[in-house]
Amino acid sequence: MKIIDGKELSEIIKTEIKAEVDGIRARKENIPHLAAVLIGDNPASRSYVRSKVRSCEFVGFESTLIQKDSSISEAELLDIIRELNENEDIDGFIVQLPLPKHIDETKVILAIDPAKDVDGFHPINFGKMAQGLDAYLPATPFGILQMLERYHIETSGKHCVVVGRSNIVGTPMSILLSRKANPGNCTVTLTHSRTKDLGAEILRADIIIAAIGIPNFITGDMVKKGAVVIDVGINRIDDASRKSGYRLVGDVDFDSAAEKASFITPVPGGVGPMTVTSLLLNTLKASKLKV
Ligand code: GUN
């Protein structure tokens, strides 16, 4: 069994991006600039956004953080998005999800200029992705594709079972892995809360993508010998022995699944760091498309 080390891989890719930015700076070209909008005080969201801003600093991007109280109105947030769409200094931006309940996430995503939508959430980018056209790929699925590619994991002709059908992970992942591309060319089963005998479906998989948000849900008895296990879950569970009072666990029960898997991603240090890398790659792409 091999661990797919997302932390290490993300450092390697970030170092590659940094080298490219050093070249951009030396040639006095446009330095990529990412803006992040963070609403409210959700601890997980704050931590993700902090990590995104820190990564921008590491690679030499410009970054702007716009932080607002959860009492912000939908109209005020839409105004901020309009300003970011029009601001020529900003190459790409993200609005960290989830948003407070009184704000319509769909309306917010639709307001983002697709050319600056480096999260790949706008239906224009989603539609282009689905048709195999050039687009900003959503960060988490894009990070997983990079892991599969850099670890030389064969996907062609394999049976992939995606667990969870969210718009930001499960659904786009199922599309990307079934595309005629490398990584891709999988036969994909997209499973969800209404799937009958989910354990039996997962047991048929050569590649498992776990994105359901239930701690330790997939156990070793659901994993076929030699399967590749990609764990997207980042669940906080109480742990009084930690200073923070919690620890992070995935959607996969790591110890029992690792006994069966050929490759497996840990949590933390697996898919999580790769999503930030994807965002940087999309921002770099946005800044190049602008000139
Ligand atoms: N919330 C959870 N994942 C993401 C992500 O990739 N982008 C944004 N904007 N919000 C998220």
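A brief look at the structure comes next. Nothing here was measured: the structure is a model prediction, and the numbers come from that model.

A few points about the nonpolar core
Logical step 1: I17, F61, I144, L177, I209 and I230 are the most contacted members of the largest nonpolar core, which totals 47 residues.
Logical step 2: Sort the elements by how many residues they give to this core and helix α10 (residues 271-290) lands first, with 6 residues.
Logical step 3: Once residues within four sequence positions are removed from consideration, I209 is found in contact with I144, C160, V161, V162, V163, M173, L177, I230 and V232.
Logical step 4: By size, the runner-up hydrophobic cluster in this structure holds 20 residues, among which are L99, I103, V108 and I109.

Details of the packing of aromatic side chains
Between two aromatic rings, the relevant description is the distance of the centres plus the angle of the planes.
Logical step 1: Counted by the stated rule, this structure contains 1 aromatic pair.
Logical step 2: Judged by centre distance (6.4 Å) and plane angle (80 degrees), the rings of Y151 and F263 are edge-to-face. In this pair, Y151 is assigned in the loop between α6 (139-150) and β5 (159-163) and F263 in strand β11 (residues 263-264), connecting sequence segments 112 residues apart.
Logical step 3: A residue is classified by how much of its surface remains accessible, and Y151, at 19% relative accessible area, is buried.

A look at the sheet that holds strand β8 (residues 228-231)
Logical step 1: If you trace the 6 strands from one edge of the open sheet to the other, you get β1-β11-β8-β7-β5-β6, paired in parallel fashion. Two strands bound the open sheet, and with one partner strand each, they are β1 (2-3) and β6 (187-191).
Logical step 2: The pairing of β1 with β11 spans 2 bridges and is parallel. By the bridge assignment, I3 is partnered in β11 with I264.

Conventions adopted
Residues numbered from 1 in each chain as written. Predicted model: local features only at pLDDT ≥ 70, side-chain atom pairs only at ≥ 80, totals over all residues. Heavy atoms only, no water. Core = buried A, V, L, I, M, F, W, Y, C linked by side-chain atoms within 4.5 Å. Buried < 20%, exposed > 50% of the residue type's maximum accessible area, 1.4 Å probe, protein only. Helix = DSSP H or I, 4+ residues; strand = E, 2+ residues; numbered from the N terminus. Contact = heavy atoms within 4.5 Å. Phe/Tyr/Trp six-rings, centres within 6.5 Å; stacked < 30°, edge-to-face > 60°. Pairing = 2+ DSSP bridges.

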